[in-house]
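Analysis of the macromolecular model
Below, each chain spelled out in residue letters.
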Amino acid sequence: MTVSTTHHDAVTVLNLGDDENRFSPGWLDSVDAALDEIESGEPTALVTVASGKFYSNGLDLDWLAANGEKAQWYVDRVHGLFARVLTLPVPTVAAINGHAFGAGAMLALAHDFRVMRTDRGFFCLPEVDIRIPFTPGMAALVQAKTAPRTATAAMTTGRRFGGPDALAAGIVDATAEEPALLTSAVGVVAPLAGKDPGTLGAIKSTMYATTIEALTKPQ
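Residues numbered from 1 in each chain as written. Predicted model: local features only at pLDDT ≥ 70, side-chain atom pairs only at ≥ 80, totals over all residues. Heavy atoms only, no water.

1. Looking at the packing of aromatic side chains
Throughout the structure, instances matching the rule amount to four aromatic pairs. Each ring, one from Trp 63 and one from Trp 73, has its centre 6.0 Å from the other, and the planes form 45 degrees; the classification is tilted. With Trp 63 in helix α2 (residues 61-66) and Trp 73 in helix α3 (residues 71-86), this residue pair connects regions lying 10 residues apart in the sequence. Between Trp 63 and Tyr 74 the ring centres are 5.2 Å apart and the planes differ by 35 degrees, which places this aromatic pair in the tilted class. Taken together, the positions of Trp 63 in helix α2 and Tyr 74 in helix α3 put the pair 11 residues apart, joining distant regions of the chain. In this pair, the class of Trp 63 matches that of Tyr 74, namely buried. Among the aromatic residues, those joined into a cluster by ring pairs are Phe 23, Trp 27 and Phe 82. (Phe/Tyr/Trp six-rings, centres within 6.5 Å; stacked < 30°, edge-to-face > 60°. Helix = DSSP H or I, 4+ residues; strand = E, 2+ residues; numbered from the N terminus. Buried < 20%, exposed > 50% of the residue type's maximum accessible area, 1.4 Å probe, protein only.)

2. Examining the sheet that holds strand β1 (residues 4-8)
Pairing in this open sheet of six strands is mixed, and the strands run β1-β2-β3-β5-β7-β10 from one edge to the other. At either end of the open sheet lies a strand with only one pairing partner, and these are β1 and β10 (174-176). This sheet shows a mean twist of 25 degrees between the axes of neighbouring strands, independent of strand direction. One ladder, built from three bridges, connects strand β7 (residues 113-117) with β10; its direction is parallel. (Pairing = 2+ DSSP bridges. Axes fitted to C-alpha atoms, helices over the stretch in contact; angles between N-to-C directions.)

3. Overview of the environment of Gly 187
If you trace the backbone, Gly 187 turns up in helix α9 (residues 181-189). Between the alpha carbons of Gly 187 and Pro 91 there is a distance of 12 Å; along the sequence they are 96 residues apart.

4. A few points about the pairing of strand β2 (residues 11-15)
A regular strand places its side chains so that they alternate between the two faces of the sheet. With five of five residues buried, β2 is to be regarded as a mostly interior element. Pairing analysis gives five bridges linking β1 to β2, with the strands arranged antiparallel. The partner of Thr 6 across the bridge, within β2, is Val 13. Pairing between β2 and strand β3 (residues 45-49): five bridges, direction parallel.

5. As for the packing of helix α1 (residues 25-40) against α3
Following both chains from N to C, one finds α1 and α3 inclined at 30 degrees, their axes separated by 11 Å at the closest point. On the basis of their axis angle, the class for α1 and α3 is roughly parallel. Here α1 runs over α3; the crossing is left-handed. Note on element contacts: α3 touches α1 through Trp 73, Tyr 74, Arg 77, Val 78, Leu 81, Arg 84 and Val 85, opposite Pro 25, Trp 27, Leu 28, Asp 29, Val 31, Asp 32, Leu 35, Asp 36 and Glu 39. In the contact of α1 with α3, the residues fall into 10 nonpolar, no polar and six charged. (Parallel < 35°, antiparallel > 145°, perpendicular 65-115°, else oblique. Left-handed = near helix turned anticlockwise from the far one by under 90°. Contact = heavy atoms within 4.5 Å. Nonpolar A, V, L, I, M, F, W, Y, C, P; charged D, E, K, R; others polar.)

Here it is, written out as structure tokens:
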């Protein structure tokens, strides 16, 4: 299954796929195209979710290993997606249906809200264990969206947070059993659909100005 969108009344649901949903260039293109469609239409709200075991397993390390000369271009694309979701001029919620690792976890953090499945899946930033330091932009995103103690635990230990642990740490705003996950996520943002995009986008850009600068300035 590829990236796809469906509509639940005023809420657009963006399904990230049914495999590991790694950030391949093609996957990034598909997600950007879906966000283009959302931004070009009537004011709405956005839920991202996936099908199966993973929300997203993050960077496509196999592609990156085979295309090392494009590493900076690739990191810039990933940073661009984070910055775009962070300031998207519609209310957003990530419905974390399964594992959200590395950049996949950061994508969830870039949303306004997060609802995580109670019984399956981990939120994890494994960079310390796979020897990939955070870029300044990625670090800024995590630190903007989590409390200092949580950021330290997540970034320096590689701890895996299940749904209840993620809720207790303030990483997610709510948890739900799998059958109710999407309904719960839609319920978070449905009352917010229709906010003026220009105003909402400006507010988010101001709130996260330091993070956006870190994500978008040349490396």
